[in-house]
Amino acid sequence: MTDSAALRRRLAAAVPVEDPAWRAALEAVPRELFLGNGLFRFDGHHWTPAHRDRTPPGEWLELVYQDTTWVTQVDGTTVIDATGPVTGRPTSSSTLPSLVVRMLDVAGIGEGQKVLEIGTGTGYSTAVLCSRLGEKNVYSVEYDPGLAAAAAEHLHAAGYRPTLITGDGLAGHKDGAEYDHIVATCAVRHIPLSWLRQVRSGGTITTTLSGWMLASGLVRLTVRDDGSATGRFRSDEIGYMLARPHERPPRPDVHLYPGRTGSAGVDPAFLEDWTGHFVAQLGAPSAEFMTTGTGVILVDVATGSQAWTEPAGNGWTVHQHGPLNLWDQVEAALALWQSAGSPPQSGFGMTVEPDGTQRVWIGAPDGPSWELPV
Ligand SMILES: C[S@@+](CC[C@H](N)C(=O)[O-])C[C@H]1O[C@@H](n2cnc3c(N)ncnc32)[C@H](O)[C@@H]1O
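Residues numbered from 1 in each chain as written. Predicted model: local features only at pLDDT ≥ 70, side-chain atom pairs only at ≥ 80, totals over all residues. Heavy atoms only, no water.

A.B. asks: How should helix H3 (residues 57–64) be read in this particular structure?
C.D. replies: One turn of an α-helix holds 3.6 residues; hence residues three or four places apart share an orientation. Taken residue by residue, H3 has Gly58, Trp60, Leu61, Leu63 and Val64 as its buried positions. Here the buried face of H3 lies against helix H1 (4–14), strand S1 (38–42), strand S2 (47–51) and strand S3 (70–74). (Buried < 20%, exposed > 50% of the residue type's maximum accessible area, 1.4 Å probe, protein only. Helix = DSSP H or I, 4+ residues; strand = E, 2+ residues; numbered from the N terminus. Contact = heavy atoms within 4.5 Å.)

Printed below as a string of structure tokens:
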């Protein structure tokens, strides 16, 4: 199929939506205008640029309309600047369209409402918002000036002129406040207080809560009269790249030390379960997580603490080194989750107090909980 409108209809029909108005928005926005000159494809090791002008037009449009996240920048390098395959971490992308509308569905956005989006990226999701709400109701912040300029070009080419801001979306955008909704298409380690202050009472904040283990949970918070916000996680197993100021600190190569050796009380494989991983991150929020094939490694760059596991007979040995007992923290978090019946992520919620204190809880705000690092 080489007809963009037909491909948009096919995509819109295939994507699950709660509010059919988002289906109409998917039909209206030509995604090809937002992918610029190319995208990166991953082969498990390298990101290889695929250039629009070196791909037959029909093939290109088929790529564009796959319900796939297309990475557009890797460690700050865009396709235009890449002379060949690159390695590194994605730093921008065009989110898969089904997730774009899922976030907007979860937020509960309605006609005529004002939305602040964090993470303009290519501008595609911004355009979807404009198509439904009208450009005057849409504000979007992008951290990276080069990406922000490209997104402005894409949006103008599509006929939309929302308010675009280049800067740190963790500060929100005071001049446009109050918003009915904030939707973040990058993840945060904790909710910025500025977001609470810029959303009207009864308005919402929809974001993924992530951290340095890269575990993730989708949450929608409702802002209350007293300036606090509270809400529940959804069961969606989705993640976004971390907001740049919340990214993990640079980490030198890891050398494993024998440390304090003992038996692990739980199978390290629970860290690979979606909710188990999230719980581990809540218990040891300063730790990064890696797998070794036979076990796991936790590393906290700031304190030099580490924990790593290896199989031992029918169980596992754990080695902990440095001031923090990272594995003990993880086991304590797991025990708390298990004592609450090991609910899935949809059994979790979080509350942010007006002073910025924030807790993720199980069941109800007074249930078992973890305070987030802020
Ligand atoms: C997954 S991409 C966004 C996808 C985009 N909404 C789309 O549909 O194309 C995440 C974006 O968030 C941006 N970002 C990261 N940290 C940010 C921050 N603190 N403020 C604003 N944007 C940020 C990244 O540069 C990246 O472009």
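We are not done yet, so read on.
A.B. asks: What am I meant to see in the pairing of strand S19 (residues 358–362) here?
C.D. replies: Two faces, one strand: in a regular strand the side chains alternate between the faces of the sheet. Taking burial as the measure, the five residues of S19 include four buried ones, the bulk of the element. Bridging between strand S18 (residues 348–352) and S19 involves five bridges; their strand directions are antiparallel. The partner of Thr351 across the bridge, within S19, is Arg359. In sequence, S18 turns back onto S19 through a hairpin of five residues, with Gly356 there showing a positive phi of about 100°. Sheet topology places S19 next to strand S20 (residues 369–371); three bridges connect them, and they run antiparallel. Directly across from Arg359, in S20, lies its bridge partner Glu371. (Pairing = 2+ DSSP bridges.)

A.B. asks: Sorry, what's going on with the sheet that holds strand S6 (residues 115–118) here?
C.D. replies: Backbone hydrogen bonds hold the strands of a sheet together, and the pairing may be parallel or antiparallel. Strand order in the open sheet made by the 10 strands is S8-S7-S6-S9-S10-S11-S12-S18-S19-S20, with mixed pairing throughout. This sheet does not close on itself; its edge strands, each paired only once, are strand S8 (163–166) and S20. Pairwise comparison of adjacent strand axes, ignoring direction, gives a mean angle of 15° for this sheet. Strand contacts of helix H8 (residues 274–283): strand S10 (199–209), strand S11 (217–223), strand S12 (229–233), S18, S19 and S20, with the helix running at about 30° to S18, the strand carrying the most contacts. (Axes fitted to C-alpha atoms, helices over the stretch in contact; angles between N-to-C directions.)

A.B. asks: What's the story with the packing of aromatic side chains in this structure? I'm lost.
C.D. replies: Ring pairs (aromatic) are described by centroid distance and by the angle formed between their planes. Enumeration according to the criterion identifies six aromatic pairs in this entry. Measuring from ring centre to ring centre gives 5.4 Å for Tyr139 and Tyr179, while their planes differ by 75°; the resulting arrangement is edge-to-face. You can see Tyr139 sitting in strand S7 (residues 138–142) and its partner Tyr179 sitting in strand S9 (residues 179–184), a full 40 residues away along the chain. Under the relative-accessibility criterion, Tyr139 is labelled buried at 13%. Residues Phe348 and Trp370 carry aromatic rings whose centres are separated by 6.3 Å and whose planes lie at 10° to one another, so their mutual orientation is stacked. Taken as a pair, Phe348 in strand S18 and Trp370 in strand S20 lie far apart in primary sequence, 22 residues in all. Residue Phe348 shares its accessibility class with Trp370, and that shared class is buried. Clustering of aromatic rings is evident, with ring pairs tying together Phe233, Phe278, Phe348 and Trp370. (Phe/Tyr/Trp six-rings, centres within 6.5 Å; stacked < 30°, edge-to-face > 60°.)

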